[in-house]
Amino acid sequence: MTWVGLLIALAGALGYALGAALQQYEAVAEGASLRLVRRPRWWIGGIIGFTGACLHAVALSFAPLVAVQPISVATLVFAVPLAAFLYGRRPYRAEIFGSIAVAVGLLWLMMLVPEHNVPPHLGDGAAIGFIAVIGVVTLVTQLMARRVHGAARAALLSVGAGAVTASVSTFVRVVGGGLQGDLGRLVHWFTLAVPLLLVCAVVLLQRSYAVGYFGIAYAGVQVVDPITSVLAGAILLGEPLPTSPATAIPALLAGALTIGGTITLGRLAPDHRPAPAGTSAGSAEDGAEDGAGASLPVSATSDVN
């Protein structure tokens, strides 16, 4: 039944990518504000993305993690072209190469992590300390993002969003992996923490999307989330990290590939919503060049606080 799980995971990956692209398109127009809840396309994107995440969870019941996770990481390769399509343009070559580099590098890193099937256990003190660390990381990145603009701002905001998303994954792992058929174990404050952290993650995601650099924002979350989750698993849950000297060079190469792809995506110009009909040519944004290093004036909606 592995092939069934892979097909479900592929559908989920496409759904998650489409949902993220739709939400980013609306966030650029409205900013990360409550006005987004009045935009049907933003809700549609959220529903599609949530459905994709649910399909990913279902896929894990049919296929092993090592088979499903690569497809999940590949959402970046789907999401960037979908976002370009919404803006009425073809993906830049640098977007394609950068997305593939990040996806391959991150997948390579994840494959180096040893499998671990022991039921997870997390104490209350460790859980509170973990949330506190995530809170500090998020606060620092939010404050730093206020001092920069453009791709740097999107990257910093995505780090906070990825860290909080990783906390959701960690608590889901603890709650789900610790059930062992006993639904009574759901009656715990860990279960309540999941939706609260999820709401925070969604808000932070919209803030990173609203800057206009979808590639760097989405890639940042895709990189920070699994790496933070792996570190949390190793530090808090006793899950193993790769320690063999034979994995050192592959890990360095994979990390360099991921960093190089992220930098490539960060050098691209931001996307903007098309100007309304009747807008004067002088107020419209200049067209972006095809490739890295393209320059565009930053519009009022590209750096929303």
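Keep in mind that what you see is a predicted model, and the values were worked out from it rather than measured.

Taken as a whole and judged by the stated rule, the model has three salt bridges. Note that E26 and R41 form a salt bridge whose closest N and O atoms lie 2.7 Å from each other. Note that E26 is positioned in helix α1 (residues 2–30) and R41 in helix α2 (residues 40–59), a separation of 15 residues in sequence. Exposure remark for E26: the relative accessible area of 2% places this residue in the buried category. Overall, the relative accessible area of 34% leaves R41 in the partly exposed class. Within the structure, one salt-bridge network assembled from shared partners comprises E26, R39 and R41.

Glancing now at the nonpolar core. The biggest cluster of nonpolar side chains holds 42 residues, and the ones touching the most others in it are L122, F171, F190, Y209, F214 and Y218. Every element with two or more residues in this core is listed here: α1, α4 (75–86), α5 (93–111), α6 (124–145), α7 (150–179), α8 (189–210) and α9 (214–236). Per-element accounting of this core gives the leading share, nine residues, to α8. The residues contacting L122, other than those within four sequence positions of it, are A127, F171, V174, F190, L236 and L237. By size, the runner-up hydrophobic cluster in this structure holds eight residues, among which are A145, A151, A154 and V211.

Bringing the packing of aromatic side chains into the picture now. Within this structure, the stated rule accounts for nine aromatic pairs. Ring centres of Y209 and F214 lie 5.7 Å apart, and the angle between their planes is 50°; this geometry places the pair in the tilted category. You'll find Y209 and F214 in the same group, each marked buried. Aromatic rings pair up to connect Y16, Y209, F214 and Y218 into one cluster. Across the ring face of Y92, the terminal group of R89 is positioned such that the distance to the ring centre comes to 4.2 Å.

Its place among the elements puts Q222 in helix α9. Looking at Q222, the relative accessible area reads 14%, which means it is buried. With residues up to four places along the chain from it excluded, the contact list for Q222 reads Y16, S72, V73, T75 and L106.

Counting through the fold element by element, L186 comes out in the loop between α7 and α8. For the pair L186 and V175, spaced 11 residues apart in sequence, the C-alpha separation works out to 6.9 Å.

Along the chain, D225 turns up in helix α9. Between the alpha carbons of D225 and V168 there is a distance of 9.5 Å; along the sequence they are 57 residues apart. In contact with D225, not counting residues within four places along its chain, are G162, T165, A166 and S169.

The geometry of α4 relative to α9 is characterised by a closest axis approach of 10 Å and an angle of 160° between their N-to-C directions. On the basis of the axis angle, α4 is roughly antiparallel to α9. Where α4 crosses over α9, the handedness of that crossing is right-handed. Packed against α4, whose contacting residues are T75, L76, A79, V80 and A83, the element α9 presents F214, G215, Y218, A219 and Q222 at the interface. Residues belonging to the contact of α4 with α9 are distributed by class as follows: seven nonpolar, three polar and no charged.

Time to look at α8. Because an α-helix packs 3.6 residues into every turn, residues spaced three or four apart end up facing the same way. Along its 22 residues, α8 runs 32 Å from first to last C-alpha, staying within 8% of the 32 Å computed at 1.5 Å per residue. Within α8, burial applies to F190, A193, V194, L197, A201, L204, L205, Q206, R207, S208, Y209 and A210. Phi turns positive one or two residues past the end of α8, at G212, with a value near 110°.

Taken together, V77, I96, F97, I100, V104, W108, I249, L253 and L257 make up a surface patch of nonpolar side chains, about 780 Å² in accessible area. For the nonpolar patch, the elements supplying multiple residues, two or more each, are α5 and α10 (248–266). In terms of residues, the nonpolar patch owes the most to one element, α5, which gives five residues. Looking at where I249 falls in the secondary structure, it is placed in helix α10. Taking relative accessible area as the criterion, I249 reaches 59% and is therefore assigned exposed.

Taken N-terminus to C-terminus, the directions of α6 and α8 make an angle of 10°; their axes are 13 Å apart at the nearest point. Classed by the angle they form, the pair α6 and α8 counts as roughly parallel. Here α6 contributes D124, A127, I128, I131, T138 and Q142 to the contact with α8, which in turn contributes W189, F190, L204 and R207.

Thresholds, definitions, all that
- Residues numbered from 1 in each chain as written.
- Predicted model: local features only at pLDDT ≥ 70, side-chain atom pairs only at ≥ 80, totals over all residues.
- Heavy atoms only, no water.
- Salt bridge = Lys/Arg side-chain N within 4 Å of Asp/Glu carboxyl O.
- Helix = DSSP H or I, 4+ residues; strand = E, 2+ residues; numbered from the N terminus.
- Buried < 20%, exposed > 50% of the residue type's maximum accessible area, 1.4 Å probe, protein only.
- Core = buried A, V, L, I, M, F, W, Y, C linked by side-chain atoms within 4.5 Å.
- Contact = heavy atoms within 4.5 Å.
- Phe/Tyr/Trp six-rings, centres within 6.5 Å; stacked < 30°, edge-to-face > 60°.
- Lys NZ or Arg CZ within 6 Å of the ring centre and 35° of its normal.
- Axes fitted to C-alpha atoms, helices over the stretch in contact; angles between N-to-C directions.
- Parallel < 35°, antiparallel > 145°, perpendicular 65-115°, else oblique.
- Left-handed = near helix turned anticlockwise from the far one by under 90°.
- Nonpolar A, V, L, I, M, F, W, Y, C, P; charged D, E, K, R; others polar.
- Expected span 1.5 Å × (residues − 1).
- Patch = residues over 30% accessible without salt bridge, like charges linked within 9 Å, V, L, I, M, F, W, Y side chains within 5 Å.
- Areas by Shrake-Rupley, 256 points an atom, 1.4 Å probe, with all protein chains shown as cover.

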